[in-house]
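Single-letter residue listing:
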Amino acid sequence: MHLIILENAPSNRGGQELSLLEVCQALHQHGHQITLIYSQPGNLLAQYQACCSKMIWVSGFRVNRADSLRSKLCSVSALRQAMQQVPSLPNSLVYSNQPQDSLFGALLAKLLRLPFVCHLRQPPWNPLDLQTRLGLRGANQMIAVSEQTKAAWLSAGFAAQKLAVVHNGTNLDRFQPATNQEKARARFQLPVGAKVISYVGRLDRTKGLETLLRAVAQLRTESVRLLIAGKPVLQQPDYQTSLQQLAVELNIALQIDWLGHLDNPVALYQASDLTVLPSTWNEPFGRTVVESLACAVPVLASRVGGIPEILTGELAQCLFPAKDADALALKLDTFLDWRQTDPQFGQRCRQHVEAHFALSKTVSCIEQRLLETLATADPSA
């Protein structure tokens, strides 16, 4: 199989970009050929070079303004660039990592007489722009990262027969329990005996970090340390400052370490007693949830989006209502001492991911969907 991958900016700025790279690396290891088409430089390009047989730069995937002739000409030029450089190989298909690029993907696939697959790693926005709607109408298959995400796209009017669900997975070789937790904690200069809560992700208002700060303030113990890893999104440059001011008002500023963006959060998970994802929006999946669980560290998370599809069975008790600081404080108080009260709990968290969210399982399911699309697509359509 030959996959023609569309990725606007191959960087590690978020979970969707990292998930695509992991899938490409694994499919390359399975013997499939990868061609990457991208429009902006990113810090993952070197890793893509190791798994791609060809990398193609184009000037852009989207028409940015409906009334811009220059923008339209750039899009036509990008399509021409891609068509001229894409290798002509059997069993090829076009694969987009986000719906915003789907019109480019659908047109490229149509012109090359290939099937087109789009991965839906986010819910539809309202109103859904015409480019995205037209592009997804041209998809042979769409893969949603959760049942909740699938339901949202169904509600937006897309056909059920084109929508499949493949949950994200995590690399169990990379995300592992700590062999020496004191050593892991020493990397963050944590005091002996501290109860450590971590957050990993964007500093974005939709992540509900105010709820986490207010919950920690209710614990009223200086032995709790909160480690926050992430940086503000471009649209909210002052958000971290507002959170730091709130921490001062809540009298917990000295209990918080602001770590900035971490390229590799494994050590942070391993140093933690709990990870918290207090999102207020419908998280399509929740990559940090499975990463932390794989490191044998329990996760408390909002009951929103696709998160309840991860925290099932025994782990459903780790869910709390979004924006409810009181409920989160109660959960923190209940679970912070799990190493003393239920020392096998962390291992059961790891086993849950091994059974349901291993990256190898995710890749196999995606591979099956892609092969089925190749087998059933009409090349003359």
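Here the structure is shown first, and the text comes after it.
The structure reproduced in this document is the subject of the present report. Just so it is clear, the structure is predicted and the values come from calculations on it, not from any experiment.

Rules used in this analysis
- Residues numbered from 1 in each chain as written.
- Predicted model: local features only at pLDDT ≥ 70, side-chain atom pairs only at ≥ 80, totals over all residues.
- Heavy atoms only, no water.
- Pairing = 2+ DSSP bridges.
- Helix = DSSP H or I, 4+ residues; strand = E, 2+ residues; numbered from the N terminus.
- Axes fitted to C-alpha atoms, helices over the stretch in contact; angles between N-to-C directions.
- Contact = heavy atoms within 4.5 Å.
- Buried < 20%, exposed > 50% of the residue type's maximum accessible area, 1.4 Å probe, protein only.
- Right-handed = clockwise from strand over helix to strand, strands pointing away.
- 1 Å grid on protein atoms, 1.4 Å probe; cavity = no way out; pocket = protein on both sides within 12 Å on 5 of 7 lines; lining within 4 Å.
- Points joined across faces, edges and corners; volume = space filled by probe spheres on them.
- Nonpolar A, V, L, I, M, F, W, Y, C, P; charged D, E, K, R; others polar.
- Parallel < 35°, antiparallel > 145°, perpendicular 65-115°, else oblique.
- Left-handed = near helix turned anticlockwise from the far one by under 90°.
- Salt bridge = Lys/Arg side-chain N within 4 Å of Asp/Glu carboxyl O.
- Phe/Tyr/Trp six-rings, centres within 6.5 Å; stacked < 30°, edge-to-face > 60°.
- Lys NZ or Arg CZ within 6 Å of the ring centre and 35° of its normal.

Our focus in this paragraph is the sheet that holds strand β4 (residues 92–96). An order of β3-β2-β1-β4-β5-β6-β7 is seen for the seven strands of this open sheet, with the pairing classed as parallel. On the outer flanks of this sheet lie β3 (54–57) and β7 (163–165), each paired with one strand and no other. Between one strand and the next, the sheet's axes are offset by a mean angle of 25 degrees, whatever the strand orientation. One ladder, built from four bridges, connects strand β5 (residues 116–120) with strand β6 (residues 141–144); its direction is parallel. When the bridges of β6 are listed, His-119 appears paired with Ile-143. Along the sheet face, helix α1 (residues 15–29) touches β1 (2–6), β2 (33–38) and β4 and points at about 165 degrees away from the line of β1.

The subject of this paragraph is the pairing of strand β11 (residues 274–277). Burial along β11 is two-sided: the face carrying Leu-274 and Val-276 and the face carrying Thr-275 and Leu-277 are both buried. Looking at chain direction, β11 and strand β12 (residues 299–302) are connected through three bridges and run parallel. When the bridges of β12 are listed, Val-276 appears paired with Leu-300. The handedness of the β11 to β12 crossover, carried by helix α11 (residues 287–294), is right-handed.

Time to look at the layout of surface pockets. Its volume calculated, the largest pocket comes out at about 1,600 Å³. Lining the largest pocket are 47 residues, and of these Arg-13, Gly-14, Gly-15, Glu-17 and Arg-202 lie nearest its centre. Every element with two or more residues in the lining of the largest pocket is listed here: α1 and α11. It is α1 that contributes the most residues to the lining of the largest pocket, five residues altogether. Residues that form the lining of the largest pocket fall into these classes: 15 nonpolar, 20 polar and 12 charged. Roughly 440 Å³ of internal volume is contained in the second largest pocket. As for the second largest pocket, its lining consists of 22 residues, of which Glu-22, Gln-25, Asn-171, Arg-174 and Leu-359 are closest to the centre. Only α1 and α15 (359–376) provide two or more residues apiece to the lining of the second largest pocket.

Attention now goes to unusual backbone geometry. The omega torsion of the bond from Asn-126 to Pro-127 falls at 0 degrees, within 30 degrees of zero and hence cis. Tracing the backbone shows Pro-127 in the loop between β5 and α5 (130–137). Positive phi values are uncommon outside glycine, yet Arg-113 reaches one of about 60 degrees. Mapped onto the elements of the fold, Arg-113 is located in the loop between α4 (102–112) and β5. Classification of Arg-113 as exposed rests on a relative accessible area of 55%.

Attention now moves to the packing of α4 against α5. At a minimum axis separation of 7 Å, α4 and α5 run at an interaxial angle of 40 degrees. With respect to α5, the element α4 is oriented oblique. Note that α4 runs across α5; the crossing there is left-handed. On the side of α4, the interface is formed by Ser-102, Leu-103 and Ala-106, while α5 contributes Gln-131, Thr-132, Leu-134, Gly-135 and Leu-136.

The subject of this paragraph is the sheet that holds strand β8 (residues 195–200). Strand order across the open sheet formed by six strands is β10-β9-β8-β11-β12-β13, with parallel pairing between neighbours. Single-partner strands in this sheet number two, and they are β10 (256–260) and β13 (319–320). Both strand β9 (residues 224–229) and β10 contribute to a ladder of four bridges, which runs parallel. From the neighbouring strand, Ala-229 faces β10, where its bridge partner is Gly-260. Taken strand by strand, helix α8 (residues 209–219) contacts β8, β9, β10 and β11, and its axis lies near 165 degrees from that of β9.

Tracing the backbone through its elements, the reader meets Ser-272 in the loop between α10 (266–271) and β11. Look at Ser-272 and you get buried, because its relative accessible area is 0%. Look past the residues within four positions of Ser-272 in its chain and what remains in contact with it is Gln-181, Arg-185, Val-196, Ser-198, Val-297 and Arg-339.

Let us look at the pattern of salt bridges. Pairs can form between side chains of opposite charge whenever their charged atoms are close. In this structure the tally under the stated criterion is 12 salt bridges. For Asp-273, the salt bridge identified is with Arg-339, shortest N-O distance 2.7 Å. Placement of Asp-273 in the loop between α10 and β11 and of Arg-339 in helix α13 (residues 338–341) is noted, with a sequence separation of 66 residues between them. Glu-372 is the salt-bridge partner of Arg-369, the closest N and O atoms lying 3.7 Å from each other. Here the residue Arg-369 and the residue Glu-372 both occupy positions in helix α15, the gap between them amounting to three residues, near one helical turn. Taken together, the salt bridges that share partners define one network made up of Glu-22, Arg-287 and Glu-291.

Moving on, we get to the packing of aromatic side chains. As enumerated under the stated definition, the model contains seven aromatic pairs in all. Ring geometry for Phe-285 versus Phe-357: centroids 5.9 Å apart, planes at 65 degrees, classification edge-to-face. Of this pair, Phe-285 sits in the loop between β11 and α11 while Phe-357 sits in the loop between α14 (345–356) and α15, placing them 72 residues apart in sequence. Using a relative accessible area of 3% as the deciding quantity, one classes Phe-285 as buried. Note on Phe-357: relative accessible area 3%, which makes it buried. Each residue in the set Trp-125, Trp-153 and Phe-158 is aromatic and connected to the rest through ring pairs, giving one cluster. The ring of Phe-158 carries the charged tip of Arg-137 above its face, separated from the ring centre by 4.5 Å.

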